[in-house]
Amino acid sequence: MEKFDVVVLGAGSAGENVAKALAHAGRRVAIVEANRVGGDCPFVACVPSKALLRSAEVRHLVAHAHELGATGRPIALDDNREAYGAAVRRRRDIAGQDDGDGVRMLEEAGATLVRGRGAIVREGVVAVEGRELGWTDLIIATGSRPAVPPIPGLDLIPTWTSDQALTADEWPERLVVLGGGPVGCELAQVFARFGCAVTLVEEAPRLLASEEPAISELLAEALRDDGIETRLGTKLTGARPAAGGASLTLADGTTLAATRVLLATGRAPNLDDLCLNVLGITPGREGIEVDERCAVRGQTHVWAAGDVTGIAPYTHTAAYQARIIAANLLGNAMAADYRAIPRCVYTDPTVAAVGLTLARAREQGHTAAIAATDLREIPRAELEGATRGRLELVADLQRGILLGASAIGPHADSWLGEAVLAIQAEIPLRVLASVVSAFPTYSEAYAQPLEDLIATSGRPN
């Protein structure tokens, strides 16, 4: 049996980052991965989706250039040619799904990469296709996979998971997207802007149901402007094969025709076949429960990071949890703080949020209020022709600090960083209001809602 200080299961964002950090510090590290080093994000998720979204945005701008005064008449575009170009750009940006760079960085750090699927065979030992790896500490970072809802007939019709949609070269004539979360909204817009007839079905009464209602409604308006039909407050209850693809039945009794159905109804942690029961670990519905150090509850030398924890399932959260684990294993006590983890949806316009919504803040017992700015009142938005946008700030009136922020508008993922820092550092509202924003920038949107919240502070809402 080969002995290591640390064995990492999974070489996605969390596993790759923690393995490199520990190996650089002199620990003997083995990292086990059956697929690609780097995980899903660079190859079948974040990177290809952003490449396609950018291509769709450019195509949309060109197609509507006449509306902005750049040309005198509409420009005719070839959907097939433009879609092919987008697919080529996506393949270029994901480097042909070659994880060679990631492998080299692990090896240069001094980590041992073991290809295959690992399973816990006894305390302190992981087996990978007959090869036994001994560990003092075990890190579980095996990520997640698209969840497939249990709908009758779904296995009989043409479907895509988000991973498959982001690597396919097919552009279906009629696409039905199940799920109005970030992935569903992003992919619905991509395919609609390349000429597909898209219908988005969401069981909740609005898109992005966990975000502020006004932000959700503005995004719904933007998607409808792109020709996307939204069916909200209903769900798919049955499917059957039909000429040209599938016939779908919704809970409200209506039917839809689809060439293909895209499943964007969430993800499930990759914990099958790890044999966690050998260590007495029983995952919950969302994944493995961890403490503030990212140690698995009830365990001394077992840790977990990334989507398997069910905490804010984003690539940046996984990298953050990797830093937490590395610090604790290297003797530098560090506790995770998830209050200011950004949430982004890279549609056009972009949605970005951080911290608590007003409803969640009040559920948690805060004396909270919300104030907002219409982005169209900001000079930068007018200069760029932004037709819709909004910034909403949620504050604790008693403590005079921000609890949450939500935005929709051009580059919202960038200028929301001011709120991310404010929430993390608990910067007083009056200090935030004293910050001078450059003119003309979207950061000027903070001024009015901050003034409104300061005026309200100290008074019950």
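Residues numbered from 1 in each chain as written. Predicted model: local features only at pLDDT ≥ 70, side-chain atom pairs only at ≥ 80, totals over all residues. Heavy atoms only, no water.

A. Spotlight on the nonpolar core. Formed by 33 residues in total, the largest nonpolar core has its most connected members in Leu402 and Leu416. For this core, the secondary structure elements donating two or more residues are β19 (350-355), β20 (368-374), β21 (390-396), β22 (401-409), α12 (412-415), α13 (417-425), α14 (429-433) and α15 (447-456). If we ignore the near neighbours within four places in the chain, the residues touching Leu416 are Ala352, Ala353, Val354, Leu391, Ala405, Ser406, Ala407 and Tyr446. (Core = buried A, V, L, I, M, F, W, Y, C linked by side-chain atoms within 4.5 Å. Buried < 20%, exposed > 50% of the residue type's maximum accessible area, 1.4 Å probe, protein only. Helix = DSSP H or I, 4+ residues; strand = E, 2+ residues; numbered from the N terminus. Contact = heavy atoms within 4.5 Å.)

B. View of the sheet that holds strand β11 (residues 229-232). Strand order in this open sheet of 5 strands is β8-β15-β9-β10-β11, and the pairing throughout is parallel. With partners counted over all chains shown, the strands left at the sheet margins are β8 (159-161) and β11, one partner each. Neighbour-to-neighbour, the strand axes of the sheet open up by a mean angle of 20 degrees, direction not taken into account. The pairing of strand β9 (residues 174-178) with strand β10 (residues 197-202) spans 5 bridges and is classified as parallel. In the sheet register, Val176 faces β10, and the bridge partner there is Thr199. (Pairing = 2+ DSSP bridges. Axes fitted to C-alpha atoms, helices over the stretch in contact; angles between N-to-C directions.)

C. A look at the pairing of β10. Counting buried residues in β10 gives 5 out of 6 residues, a clear majority hidden from the surface. Considered for its hand, the β-α-β crossover made up of β9, helix α7 (residues 182-193) and β10 is right-handed. Taking the sense of rotation as the criterion, the β-α-β connection linking β10, helix α8 (residues 213-225) and β11 turns out right-handed. (Right-handed = clockwise from strand over helix to strand, strands pointing away.)

D. Highlighting the pattern of salt bridges. Enumeration according to the criterion identifies 22 salt bridges in this entry. Note that Asp272 is salt-bridged to Arg145, the shortest N-O span being 3.3 Å. Here the residue Asp272 occupies a position in the loop between β16 (267-269) and β17 (302-304), and Arg145 occupies one in strand β7 (residues 144-146), the gap between them amounting to 127 residues. Accessibility expressed as a relative area gives 53% for Asp272, which makes it exposed. Here Arg145 falls in the partly exposed class, since its relative accessible area comes to 33%. Between Arg339 and Glu426 there is a salt bridge whose closest N-O contact spans 2.9 Å. Of this pair, Arg339 sits in the loop between α9 (315-329) and β18 (343-345) while Glu426 sits in the loop between α13 and α14; the two residues are 87 residues apart in sequence, bridging distant segments of the chain. Among the charged side chains, a salt-bridge network with shared partners connects Asp337, Arg339, Arg399 and Glu426. (Salt bridge = Lys/Arg side-chain N within 4 Å of Asp/Glu carboxyl O.)

E. Highlighting the packing of helix α1 (residues 13-24) against α9. At a minimum axis distance of 8 Å, the contact between α1 and α9 shows a crossing angle of 30 degrees. In terms of orientation, α1 and α9 fall into the roughly parallel class. Two packed elements cross with a definite hand, and for α1 against α9 that hand is right-handed. Residue-level contacts link Ser13, Ala14, Asn17, Val18, Ala21 and Leu22 of α1 to Thr315, Ala318, Ala319, Ala322, Ile325, Ala326 and Leu329 of α9. A breakdown of the residues in the contact of α1 with α9 according to their chemical character gives 10 nonpolar, 3 polar and no charged. (Parallel < 35°, antiparallel > 145°, perpendicular 65-115°, else oblique. Left-handed = near helix turned anticlockwise from the far one by under 90°. Nonpolar A, V, L, I, M, F, W, Y, C, P; charged D, E, K, R; others polar.)

Any functional reading would require information that these geometric values do not contain.
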